[in-house]
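Overview (structure and organization)
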Amino acid sequence: MRIKMFTLIAIISALLVFQDFFAQETMVRKRDRDQLQIHQKLNLTEEQQEKADILKLAHQKEMVDLKANLEKRKIEMAELKNKGNYTREEFLSKTNEIISARNQIALSLANHHMDVYQILDETQKKDWNKMSGEFGERRQKRIMKMMRDVDVRVE
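Criteria and cut-off values
Residues numbered from 1 in each chain as written. Predicted model: local features only at pLDDT ≥ 70, side-chain atom pairs only at ≥ 80, totals over all residues. Heavy atoms only, no water. Helix = DSSP H or I, 4+ residues; strand = E, 2+ residues; numbered from the N terminus. Polar contact = N/O pair within 3.5 Å; in protein donor to acceptor, adjacent residues only side chain to side chain. Contact = heavy atoms within 4.5 Å. Axes fitted to C-alpha atoms, helices over the stretch in contact; angles between N-to-C directions. Parallel < 35°, antiparallel > 145°, perpendicular 65-115°, else oblique. Nonpolar A, V, L, I, M, F, W, Y, C, P; charged D, E, K, R; others polar. Salt bridge = Lys/Arg side-chain N within 4 Å of Asp/Glu carboxyl O. Buried < 20%, exposed > 50% of the residue type's maximum accessible area, 1.4 Å probe, protein only.

Here we look at the side chain of Gln48
As for its position among the elements, Gln48 is in helix H2 (residues 46-83). Reaching out from Gln48, the side chain makes a polar contact with the side chain of Gln124 at a distance of 2.8 Å. Residues in contact with Gln48, not counting those within four places in the same chain, are Asn43, Ile119, Leu120, Asp121 and Gln124.

Concerning the packing of H2 against helix H3 (residues 88-118)
Here H2 crosses H3 at 170 degrees, and the two axes come no closer than 9 Å. As judged from the angle between their axes, H2 and H3 are roughly antiparallel. Across the contact of H2 with H3, the residue classes tally to 12 nonpolar, 6 polar and 13 charged.

So, the environment of Asn43
Looking at where Asn43 falls in the secondary structure, it is placed in the loop between helix H1 (2-42) and H2. Expressed as a C-alpha distance, the spacing of Asn43 and Gln124, which sit 81 residues apart in the sequence, is 7.5 Å. In contact with Asn43, other than residues within four places in its own chain, are Gln48 and Gln124.

As for the pattern of salt bridges
Note on pairing: side chains with opposite charge can pair once their charged atoms come close. Summed over all chains, the structure comprises 7 salt bridges. A salt bridge links Lys74 to Glu71; the shortest N-O distance between them is 3.7 Å. Note that Lys74 and Glu71 are positioned in helix H2 at a spacing of 3 residues, about one turn of the helix. Judged by its relative accessible area of 32%, Glu71 is partly exposed. Two residues, Glu97 and Lys94, come together in a salt bridge whose shortest N-O distance is 3.9 Å.

All quantities given are derived from atomic positions and should not be read as evidence of function.
Rendered as structure tokens:
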């Protein structure tokens, strides 16, 4: 009886661990598929695709730094709270630094969108505007929700 119970617990534990792995893999595949669909829907030329890919990689590099900066600001806030006995000015200063880091991320994303938008022709721009209405606002809401979730876990 004990062996059966232990085996059942081990199987359930393994399933829970692998569930996260498969979910992440699925998200990566979905992102790649969505990227391909956008290229196809916009009917990008080979040159436009190359430029878009270069812009995407440059933006990803920039985002790594910006996200690291945001995480540092969050850690600084946690240090301030752990230190205790902080002033209103110190707390508000750290809060403003976090807000500023988030704003830098949002501006970088907006600049990237405009960089890609500028390589499109007029017909593609119209299609882009239709598609961006479908994924832009929802994506931004998901990002903001993820950021709030991370904030709750850090604090």
